[in-house]
Amino acid sequence: MRLSLPINTIINLPRPLLLLGPPSSRCRFSTVAFRPSSLLHIPVVVSRNLWFSMMTTTVRVLAEEGEDKRSKLSVELKEKIEITEKEREIFDRLLGTLRFCNLDTQLRVAGGWVRDKLLGRESDDIDIAIDNMYGSEFLDRLKEYLASRGEQVQGGTVIERNPDQSKHLETAKMRIYNQWIDFVNLRSEEYTESSRIPTMKFGTAKEDAYRRDLTINSLFYNINTGSIEDLTERGIDDLKSGRIVTPLPAKATFLDDPLRVLRAIRFGARFGFTLDEELKHDASSEEVRVALGEKISRERIGNEIDLMISGNGPVSAVTYLCDLKLFGVVFAFPSSSEPAPSENCGSLCKAFSEAMWSLIQTPGLGKFSGEQRRLALYAALFLPFRKTVYKDNKGKLIPVVNHIFKFSLKRKTSDAETVINIHRTTERFLSLIYSLQLKSCAQLDNLDWAKDILEHWKSISSDDPEIPETSKVRVLTGFLLRDIKDFWRVALLTSLLLSTVDGMKEDQETGHVDFQLDKLRESYLTIEETICELGLDNIWDVKPLVNGREIMEIAELKGGYHIREWQQKLLTWQLAYPNGTSEECKDWMRQVKAKRQRTE
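Residues numbered from 1 in each chain as written. Predicted model: local features only at pLDDT ≥ 70, side-chain atom pairs only at ≥ 80, totals over all residues. Heavy atoms only, no water.

Caption draft 1: The overall build of the protein, seen in detail. Looking only at helices and strands, the protein features 24 helices and 17 strands. Buried residues in the protein amount to 53% of all 600 residues. The long-range fraction of contacts in the protein, counting pairs at least 24 apart against all pairs at least 6 apart in sequence, stands at 72%. Total accessible area computed for the protein in this model is approximately 28,000 Å², and 48% of it derives from carbon and sulfur atoms. (Helix = DSSP H or I, 4+ residues; strand = E, 2+ residues; numbered from the N terminus. Buried < 20%, exposed > 50% of the residue type's maximum accessible area, 1.4 Å probe, protein only. Contact = heavy atoms within 4.5 Å. Areas by Shrake-Rupley, 256 points an atom, 1.4 Å probe, with all protein chains shown as cover.)

Written as structure tokens, this is what we have:
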């Protein structure tokens, strides 16, 4: 059930206009379909860095230049905010608390929930702004009211201020009807020049609106009156026209809290909105760039970047980071990096990530999980740095990608490990692409990364002249896939991208390189089919035919390096004979042992 509540009558909404869609690779415009409802059609200017048509079979990745290369898109605003049944029950409990406790208090839903509802999107991000008391005080009153009704309180808690973790305001949280709700007081903020930690005080709703990062996030929904409040007097207009604008002058806003630069980029990329010209000019200034690097914790920077990469406009986000000269600030390198990154490295990173984004969205090109998609984009973004290293405190050479994740973004160690492993596997996949496409073993005899494996295979094939030559590619690919596991499709895509620019100088401007993604898709599907025909999909889940204890018994070993050597030999045999049994594998092992003893 949905209840429609009217927008405040002081907001004048225009007549519907023609709905236009993003330019696809085959046509200038397409149509965007929405569910039937009472909607407004609003013209919006959006970036054309990459609009991927899901029905297009051929996509060319070309970097766009200049503001003149923009297309107009129509965004639809709801005439009425649609309140779900659960939201109505939540709001009823909040208003019931006011009546029960005889409170002269205004309750407003702030920010993102209002924006998303007007855009026709569902949102579970309900933040309640209170005009005359702290969130913890209102939470106590709410608990009293619910107790009077015999309703159980779900997980009420108060999160204290923690400026060291960029938490500047006490927030009360509570679950109501299995929905987490945040409660905070309306406030105004003052910043010092040396810190992004503001001085907080109670403020009016208008002051609270103006302290917000963007006008589209400054809207309130007044629960008491059932109306939208646009107190900056431009939030609705900017939402209609798809503009990313700060309520106050952009430079002062960013210097007060430089994290807002990244939030502006993230929301611009997420909605396909256009960053205001003044905002872009000020965001790219040296003062703001220095402030972002010095005043904002790397955890907060990393969180914003991760939201960009995980969102629906990662290429636009990376493009903005490059255009606003923030790429080097966000993805900071250690001074000892070898080779040192070039000034234009961001353009190559953008080109790879744009191509990867197109590939992983191709219908029929495999289903990638959210985590695989996220790390695939990181792997493509940092592909130009796969051979770049730096010296740690002990003088050890470490991949610079590890530094970016660990120190520049403060992300999970597992993210760095996975991306580095994708890069390592990518180099190996390159040596197998030709053989996997043609189902041939040509050019596989001199692979540096597989010398021991090839020696084991030669030993097996010399004793069995009937073993098919194609078993060699199965063995090599099997070892590769057992290392990368379920990220092998990501590694394959990455290697195909790398094959396109193989031999280029990777520090050159590549914004206009044609990756010929239609050919890469065809190659990917051919190789994927070959791998599946070889029975290697999920090969990492296949258990060894001979376990460690049995190896020690048959080879008469007590442990050490020789066990690992035997494990590699036995895995080679198992990959060469996919239908072989455990006993056959053990018999082969005994024969090899006996042959070695005779030779010795």
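Caption draft 2: Molecular detail of helix α14 (residues 370–381). The terminal C-alpha atoms of α14 lie 17 Å apart, and with twelve residues this matches the ideal 16 Å at 1.5 Å per residue to within 8%. Buried residues dominate α14, accounting for nine of its twelve residues. Every buried residue belonging to α14 is among Gln372, Arg374, Leu375, Ala376, Leu377, Tyr378, Ala379, Ala380 and Leu381, and all of these are buried. (Expected span 1.5 Å × (residues − 1).)

Caption draft 3: Region of interest: the confidence of the model for the protein. Mean pLDDT for the protein: 83, with 82% of residues reaching 70 or above. The low-confidence segment residues 1–71, where pLDDT is below 50, has 195 contacts with residues more than four positions distant or belonging to other chains. Every residue in residues 160–168 is under pLDDT 50, and counting partners more than four places away or in other chains gives 20 contacts. (pLDDT = per-residue confidence, 0-100.)

Caption draft 4: Fine view of unusual backbone geometry. With an omega dihedral of -10°, the bond running from Glu338 to Pro339 counts as a cis peptide bond. Take Pro339: it is sitting in the loop between α12 (327–330) and α13 (345–360). Positive phi is not limited to glycine here, since Asn102 has a value of about 55°. Tracing the backbone through its elements, the reader meets Asn102 in the loop between α1 (85–100) and β5 (107–110). Note on Asn102: relative accessible area 70%, which makes it exposed. One non-glycine residue, Glu556, lies in positive phi territory at about 55°. On the accessibility criterion, Glu556 (62% relative accessible area) is exposed.

Caption draft 5: The packing of aromatic side chains, seen in detail. The final tally for this structure, using the stated rule, is 17 aromatic pairs. For the pair Trp113 and Tyr221, a centre-to-centre distance of 5.6 Å together with 50° between the ring planes defines the contact as tilted. One end of the pair, Trp113, is in helix α2 (residues 112–118); the other, Tyr221, is in strand β12 (residues 220–222), and 108 residues separate them in sequence. According to the relative accessible area criterion, Tyr221 is buried, its value standing at 2%. (Phe/Tyr/Trp six-rings, centres within 6.5 Å; stacked < 30°, edge-to-face > 60°.)

Caption draft 6: Geometry of the pairing of strand β8 (residues 171–176). When β8 meets strand β9 (residues 179–185), the two strands line up antiparallel, connected through five bridges. Pairing of Lys173 across the sheet is with Asp182, part of β9. Counting the residues that bridge the hairpin from β8 to β9 gives two residues, and of these Tyr177 lies at a positive phi of roughly 55°. (Pairing = 2+ DSSP bridges.)

Caption draft 7: Inspection of the nonpolar core at higher detail. By size, the foremost hydrophobic cluster in this structure holds 158 residues, and its most contacted members are Leu94 and Phe183. A total of ten residues in this core trace back to one element, the largest contributor, which is α13. Residue contacts for Phe183: discarding those within four places in its chain leaves Leu94, Ile128, Ile130, Gly135, Phe138, Leu139, Leu142, Glu170, Thr171, Ala172, Met174 and Ile176. The next biggest cluster of nonpolar side chains, apart from the first, holds six residues, and it includes Ala110, Ala129, Leu186 and Ala209. (Core = buried A, V, L, I, M, F, W, Y, C linked by side-chain atoms within 4.5 Å.)

Caption draft 8: Spotlight on the pattern of salt bridges. Overall, the coordinates contain 42 salt bridges when judged by the stated rule. Here Arg260 ties to Asp257 by a salt bridge, and the two come within 4.0 Å at their closest N and O atoms. Judged by relative accessible area, which is 8%, Arg260 ranks as buried. Taken together, the shared-partner salt bridges connect Asp306, Glu371, Arg374, Arg411, Lys412 and Asp415 into one network. (Salt bridge = Lys/Arg side-chain N within 4 Å of Asp/Glu carboxyl O.)

Caption draft 9: Up close: the packing of helix α18 (residues 451–463) against helix α19 (residues 471–484). At a minimum axis separation of 11 Å, α18 and α19 run at an interaxial angle of 145°. As α18 packs across α19, the resulting crossing turns out to be right-handed. For the pair formed by α18 and α19, the contact residues are Ile453, Leu454 and Trp457 on the first element and Ser471, Lys472, Val475, Leu476 and Phe479 on the second. Taken together, the residues that form the contact of α18 with α19 break down as six nonpolar, one polar and one charged. (Axes fitted to C-alpha atoms, helices over the stretch in contact; angles between N-to-C directions. Left-handed = near helix turned anticlockwise from the far one by under 90°. Nonpolar A, V, L, I, M, F, W, Y, C, P; charged D, E, K, R; others polar.)

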